Amino acid sequence: MAARISRDAPEPLHVQIAASFREDILGGRWPAHYKLPPEPALAEQLGVSRGTLRKALAVLIEEGLLVQTRGRGTFVTAGVLEPRIAQRLHSLSEDFRAQGYALDVQVVSARLEGLQMAVQALLGAPPGTPGLRLVRVFRGAQGPLAYLVNWVRADLCPGIEDVDFERNSLFDVLEKSYGLPVTEGRRTFSAAPAREDVAEALEVPTGTPVLYLEQVTYTRDGQAVEYSDVWINSTAVKVTSLLTR
C-alpha cells in the first residue's frame, strides 16, 4: 500500500492517499460497507502519521465515500446517504450532518393546532392540548431527501411555534430551550406509496414507493413529547444498522 504514494511527488501525502483510496472505492475493490483497517494499522501500512491519514479520510468523508462511526470504525458508504436512525435515537437532521452532508431544511409550515385524536392518545395528552404541527422538507445536493410532519406538545414547550426550525434541530430545541431531555423513542418502519402531498414534497410521481417512519419520542421521565410521520426518498437514502453479536 505504501508503494502507491511518493514523498517526491508534488501533491501532499494526504491528497495522494485520498486519491488511492478513492480509486479503490470507485473501482469496486472496496465494496459498500467495507470496513477499513484501524487507523494505527493503516497509517503503519502507508508509512505516514495518523494525522496525515486522518486528513485523507476527512477528504473522502466530505465527498460522501466514507463514513465514520464512533467506536466502530470507518466504512465505505453505499453510494447513497446512510442515516443510522434504525440504530440510535438521533434526529434525521443530526444524522445527516454527523456524516458531513450539507442539509437544507425548508419549513413548509409551523403552527399551533389542536392535537389530532390519534396523536393525542399516542402522546398521552389531555383533551384540548395544543400542539405544534411542524412540516418540513430536508434537501441535499441530490434533491429532496425526506418529508417530515412533527407534532409536539406545545403545553410543555410554550412559544415553540416561534422557533426558527430552518436553523435549529427539533431535538436540540426540546433539550436546550425547554429542558426536555430526549432519551427514548419508538420507531416503526414500513414501505408506503407516496400520497399526493408526499410525492410533491419529494418531487417523485404519486405512488412511488417510499420509506415511511412513524416515531414517538419520550423524555427521561417517560413523558411522550413528540410524534412524527416521516417519508424518506428511498432512491436517495438507505437506512443502515451496524450490528454486533
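Conventions adopted
Residues numbered from 1 in each chain as written. Predicted model: local features only at pLDDT ≥ 70, side-chain atom pairs only at ≥ 80, totals over all residues. Heavy atoms only, no water. Helix = DSSP H or I, 4+ residues; strand = E, 2+ residues; numbered from the N terminus. Contact = heavy atoms within 4.5 Å. Core = buried A, V, L, I, M, F, W, Y, C linked by side-chain atoms within 4.5 Å. Buried < 20%, exposed > 50% of the residue type's maximum accessible area, 1.4 Å probe, protein only. Salt bridge = Lys/Arg side-chain N within 4 Å of Asp/Glu carboxyl O. Axes fitted to C-alpha atoms, helices over the stretch in contact; angles between N-to-C directions. Parallel < 35°, antiparallel > 145°, perpendicular 65-115°, else oblique. Nonpolar A, V, L, I, M, F, W, Y, C, P; charged D, E, K, R; others polar. Phe/Tyr/Trp six-rings, centres within 6.5 Å; stacked < 30°, edge-to-face > 60°.

When its secondary structure is counted, the protein shows 7 helices and 8 strands. At a minimum sequence separation of 6, the contacts of the protein that also span at least 24 residues come to 58%.

A few words now on the nonpolar core. One finds Leu123, Tyr147, Leu202, Tyr227 and Trp231 to be the most contacted residues of the largest nonpolar core, which totals 22 residues. Residue assignment for this core shows that the elements contributing at least two residues are helix H5 (117-123), strand E4 (130-140), strand E5 (143-153), helix H7 (196-202), strand E7 (209-219) and strand E8 (224-232). In terms of residues, this core owes the most to one element, H7, which gives 4 residues. Leave out the neighbours within four places in its chain, and Leu202 touches Pro144, Leu145, Ala146, Tyr147, Val210, Trp231, Ile232 and Asn233. Membership of the second largest hydrophobic core comes to 19 residues, among which are Ile17, Phe21, Ile25 and Leu53.

So, about the side chain of Asp24. Position of Asp24 among the secondary structure elements: in helix H1 (residues 13-26). Asp24 sits in the buried class, given a relative accessible area of 1%. Beyond its immediate stretch of four places on either side in the chain, Asp24 contacts Arg4, Arg29 and Trp30.

So, about the pattern of salt bridges. Per the stated rule, a full pass over the model turns up 7 salt bridges. Two residues, Arg167 and Asp164, come together in a salt bridge whose shortest N-O distance is 3.4 Å. Judged by relative accessible area, which is 71%, Arg167 ranks as exposed. The class for Asp164 is partly exposed, based on a relative accessible area of 34%. Three or more residues are tied together by salt bridges with common partners; here these are Glu39, Arg50 and Arg54.

Right, let's talk about the packing of helix H2 (residues 39-46) against helix H3 (residues 50-62) for a bit. Packing of H2 against H3 brings their axes to within 9 Å, and their N-to-C directions diverge by 100°. Judged by the inter-axis angle, H2 sits roughly perpendicular to H3. Residue-level contacts link Glu39, Pro40, Leu42, Ala43 and Leu46 of H2 to Arg50, Leu53, Arg54 and Leu57 of H3. Each residue belonging to the contact of H2 with H3 can be placed in one class, and the counts come to 6 nonpolar, no polar and 3 charged.

What follows covers the environment of Ala201. Its place among the elements puts Ala201 in helix H7. Along the primary structure Ala201 and Leu145 are separated by 56 residues, whereas in three dimensions their C-alpha atoms are 9.3 Å apart. Sequence-distant contacts of Ala201, defined by excluding residues within four places in its chain, comprise Val137, Pro144 and Tyr147.

Right, let's get into the packing of aromatic side chains. Aromatic rings considered in pairs are described by the distance between their centres and by the relative angle of their planes. Taken as a whole and assessed by the stated rule, the structure comprises 4 aromatic pairs. An aromatic cluster is defined as three or more aromatic residues linked by ring pairs; in this entry it consists of Phe21, Trp30 and Tyr34.

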